[in-house]
Amino acid sequence: MKYNPHEIEVKWQKFWEENNYFHCDEKSDKPKYYCLEMFPYPSGKIHMGHVRNYSIADVLAHFKRMQGYNVLHPIGWDAFGLPAENAAVQNGTHPAEWTYSNIADMRRQLKRLGFSYDWQRELATCDPEYYRWEQLFLIKFLEKGLLYRKNAFQNWCPNCHTVLANEQVEEGLCWRCESVVEQKELTQWFLRITDYADELLEDLDKLEGKWPERVITMQRNWIGKSVGAEIRFAIKDGAGVITVFTTRQDTIFGATFMSLAAAHPLLDELVSGTENEAELRSFITTILNAEKRAYNAENTEKRGMFTGRYCINPFTGALMPIWIADFVLSGYGTGAVMGVPAHDRRDFEFAQKYSLPIRVVIRPDETGGTDDAEAPAPEDLSAAYTDAGIMVNSGDFSGLHSEEGKLRIVEYLEKEGLGKRTVNRRLRDWNVSRQRYWGAPIPVVYCEHCGMVPEKEENLPVRLPLDVLTRPDGRSPLPDDPGFYRCACPRCGGEAGRETDTLDTFVESSWYFARYTDPRNSAEAFDKDKLAYWMPVDQYIGGVEHAILHLLYARFFVKALRDCGFIPETRVPDEPFADLLTQGMVLKDGRKMSKSKGNTVDPSEMTDKYGADTVRLFCLFAAPPERDFDWTESGIEGAFRFINRIWRLAIELAGKIPVVDACSSGPEEALLPAARALRRKEHAVVKKTGEDIAVRFQFNTAIASVMELVNLMYQVKDELVENGGGKKILGSALFTVLTLLFPFTPHICEELRLRLGSPLPLAERRRPVYSESALSLDMITIVVQVNGKLRGKIEIPAGEDAGTVKAAALAEAGVRKHIGGLAVKKVVYVPGKLVNVVAG
RNA sequence: GGCCGGGUGGCGAAAUGGUAUACGCAUCGCACUCAAAAUGCGACGUUCUUACGGACAUGAGAGUUCGAAUCUCUCCCCGGCUACCA
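Source: prediction; values computed, not measured.

Reading guide: rules and limits
- Residues numbered from 1 in each chain as written.
- Chains lettered and ligands numbered in written order.
- Predicted model: local features only at pLDDT ≥ 70, side-chain atom pairs only at ≥ 80, totals over all residues.
- Heavy atoms only, no water.
- Helix = DSSP H or I, 4+ residues; strand = E, 2+ residues; numbered from the N terminus.
- Contact = heavy atoms within 4.5 Å.
- Phe/Tyr/Trp six-rings, centres within 6.5 Å; stacked < 30°, edge-to-face > 60°.
- Buried < 20%, exposed > 50% of the residue type's maximum accessible area, 1.4 Å probe, protein only.
- Lys NZ or Arg CZ within 6 Å of the ring centre and 35° of its normal.
- pLDDT = per-residue confidence, 0-100.
- Near = heavy atom within 4 Å.
- Polar contact = N/O pair within 3.5 Å; in protein donor to acceptor, adjacent residues only side chain to side chain.
- Nonpolar A, V, L, I, M, F, W, Y, C, P; charged D, E, K, R; others polar.
- Pairing = 2+ DSSP bridges.
- Axes fitted to C-alpha atoms, helices over the stretch in contact; angles between N-to-C directions.

(A) Highlighting the environment of Phe190. Residue placement: Phe190 occurs in strand β9 (residues 182-191). Spatially, the C-alpha atom of Phe190 lies 10.0 Å from that of Leu142, the residues being 48 residues apart in sequence. Leaving out residues up to four positions away in the same chain, Phe190 has contacts with Leu146, Leu147, Tyr148, Lys150, Gln154, Asp429, Trp430 and Asn431.

(B) Fine view of the packing of aromatic side chains. For the structure shown, the criterion picks out 50 aromatic pairs. Centroid distance Phe253 to Phe315: 5.4 Å. Interplanar angle 70 degrees. Geometry classified as edge-to-face. You can see Phe253 sitting in the loop between β11 (241-246) and β12 (257-260) and its partner Phe315 sitting in the loop between β13 (304-312) and β14 (319-325), a full 62 residues away along the chain. As far as burial versus exposure is concerned, Phe253 and Phe315 are alike and both buried. Here the aromatic rings of Trp430 and Tyr553 are separated by 3.7 Å at their centres, their planes lie at 5 degrees, and the arrangement is stacked. Residue Trp430 is found in strand β19 (residues 430-431), and its partner Tyr553 is found in helix α17 (residues 549-563); the two are separated by 123 residues along the sequence. When its relative accessible area of 0% is taken as the criterion, Tyr553 is described as buried. Connected via pairs of aromatic rings, a cluster forms that spans Tyr130, Phe137, Phe141, Tyr196, Trp430, Phe506, Trp511, Phe526, Tyr553, Phe556, Phe557 and Phe566. Across the ring face of Trp119, the terminal group of Lys111 is positioned such that the distance to the ring centre comes to 4.8 Å. Seen from the ring of Tyr714, Arg645 lies directly overhead, with NZ or CZ sitting 4.1 Å from the centre.

(C) Region of interest: the confidence of the model for chain A. When the pLDDT values of chain A are averaged, the result is 90; 97% of them are 70 or greater. Note on residues 293-298: pLDDT under 50 across the span, and eight contacts to partners over four residues away in sequence or across chains. Taken over the whole predicted complex, pTM reads 0.92, whereas the ipTM for its chain interfaces reads 0.94.

(D) How the structure looks around the protein's contact with RNA strand B. Not every one of the 55 residues close to RNA strand B is listed here, only the nearest: Thr247, Lys302, Arg346, Pro624 and Asn836. Of all atoms in RNA strand B that approach within 4 Å of the protein, 65% are sugar or phosphate atoms. In this structure, a sugar or linking oxygen belonging to RNA strand B sits 3.0 Å away from a side-chain N or O atom of Arg648. At seven residues, the largest contribution of residues to the surface near RNA strand B is made by helix α22 (residues 699-720). The class makeup of the residues in the surface near RNA strand B is 20 nonpolar, 14 polar and 21 charged.

(E) A look at the sheet that holds strand β24 (residues 495-498). The strand order across the open sheet formed by four strands is β22-β21-β24-β23, and the pairing between neighbours is antiparallel. Each of the sheet's edge strands pairs with one partner strand only, and the pair in question is β22 (451-454) and β23 (486-488). Adjacent strand axes in the sheet meet at a mean angle of 40 degrees when their direction is disregarded. Two strands pair when backbone bridges link them, and β23 and β24 are joined in this way by three bridges, in the antiparallel orientation.

(F) Region of the structure containing the side chain of Gln249. Secondary-structure assignment places Gln249 in the loop between β11 and β12. Residue Gln249 is classed as buried on the basis of its relative accessible area, which comes to 4%. One polar contact links the side chain of Gln249 to the main-chain carbonyl oxygen of Lys406, over a distance of 3.4 Å.

Structure follows, in structure tokens:
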């Protein structure tokens, strides 16, 4: 009887599906467990990264079921997005057709891998029954001011013909097509994520220890909170005031010039009427149109131009020339920076290039003394001194440490009305407008009489028309489709036009986990009781590439839905993902698998060759889940060999061993030494796999320990199968192997369970429970060291007292030899483990 | 430049203060076979030694400790994220 994975895998997949094993609902007295993987984009093919991700999740889902949990393990499709439009243009299909046909293909592939999803909850975000609720959320957001429209310079990808969120610009390039992103002035829809910056930051503390540290850090850095001051500088010969943001108000006495971003609102007024106005305006245009590229602080030449105007340093009274500088960002702070060349790297560079005055106002702490004369002369400075230190040349503030000085300066600013303490964040509002077709329509219309009006709730969903053709140039067909945009004003009934921008697909993925709790509800987005029952997601699993994009948006969305009354605040936690596991990549030949490099491995081909169980097992055995691992043909061969080894063992023992439960044999059967050893190993492996999976997600070591058990069974089977008690222990151990491996390789385990004559499906079983007494030993081995080096081993009865053990250790032959003529100074005994003899 | 990981056999990796290299891969040997494959069993860090046995090994160097891959410090290398954020 040869192992035939294909036959048995199809058989058991059908069995589980027909008997509805993995369907769940909230009417259960078991504790709930929500296990979720980041849902796939339906590109058409499952890749190894998916297989790894879903195998990890599936082990946890099965494991928790076997621990007695009511497990929700859903799957769906992140179905809107650009690739569908590109493919539609290339292949002459419609994005919807392409998407749904891919979903069908990928569904088949996932089913073939035997993942234990509740398929009755499957959803696709391009379904109007899904996005209609999102449109409802947006109408509410609009009402609450969380959704708004503004005109601003935006990241524009010329290749994708759409704007991009800041999170979607990577080193100045489009995250999708890697085109250079331009800055374009447009009116766009934004979600006010910045209102939640503090909560998003503070709640990261709740995730400490549950989420990977680096993801938490990345989110903290992205939100980028910095505490400092706003300082107002009066413009000379003008009415205006320039406000700057700084975290280094202690260096204010060193501010010798002012630098403004090219997009600064006061700039227009400042340059008009100046001598070289034309030149200035052309310089401003140049900077505004400059590519938003990756800057390197070390080697990027800064550019600037003097406006001819001055402002006044409120502390020194000095005149500060106002410059336009390309390194000042318009979107951060106030778009104006006070130039302190002595204590800021960029200001120093800028001052050197344009010969601006340098004034030293901080000296290193350790030089001692309180005199201003201790400060280095500006001409001696080869670089900016950017650390904290002692304030010098700073009037009444001289002698203060930077930290103290910052507080005192703020007090002074507030007292004199020159500024205030303030907090700044890097995070900006989330631009959700996309000038693309294949996305959810934004439910807003523009009426000549009423202006911008939200669509009525009863008119939802605003359906994306499916009878339009995508344009080869990539532009959205919606603005040219009167059937879509012409509509009646929801307020006055007059003629109106719909918004033709669609939503960023990250909006859909920001709440799909909530919809899974009640995916067929046609009256509301989700029933509050069902939501409250299942949320939060107990374990979320996915790639680290979503550390800031999706994982930040989803956190924000849950909080926003809470504040709009969709999520019951008291019953659903503010954080949607209680625990996060970020799995590593699957590499081939040390590099990321990619079509362009031609180093992909197709999961379907591997399943054809070895079967789903082997593919799953290898993905989990090759490395711990967080680490990258290299796909090797010999590695998967090894996994296949192990599965065959279990198959042969079970087939050989079928009929020769009794049908018993896992971990069912007692000490009365363990009379032979080999039987005792096997029983002990069996229980030890149950213990270890439980800890490895639940506590540390170490699937590789869990599998390794089951391999050890199988190896031991091979060693002792011929002896034990001849013996009554031995038979029972062999049977118990074999069912333990099958039960423990069921979450990893469910098909073969279920098949062998049946062939061994055991009627209850593994899918209905609990994990075996080990007994402490089975783990105990009569005689234990104690390692003996002399001066920390292994010199011998002694066998002693368990529980022997320290004095006896030490004496036995000192008497051991190898130990005596190494002590030789040396005096024994000390003997350390670690109970049950080792003795270290210190001699010298 | 900043932050976060990581560096252990020929390879993927175990070991989180107590026997370094579990488990698997590769390689070699033995059995089975006419033979090969498959399978089963065994060997497998480096080095010295006929052997018994010893010495040396977790990126480098120091420290703490009876004892360090593990903790501390300094340095080197690799990877990731982020970046003119005031």
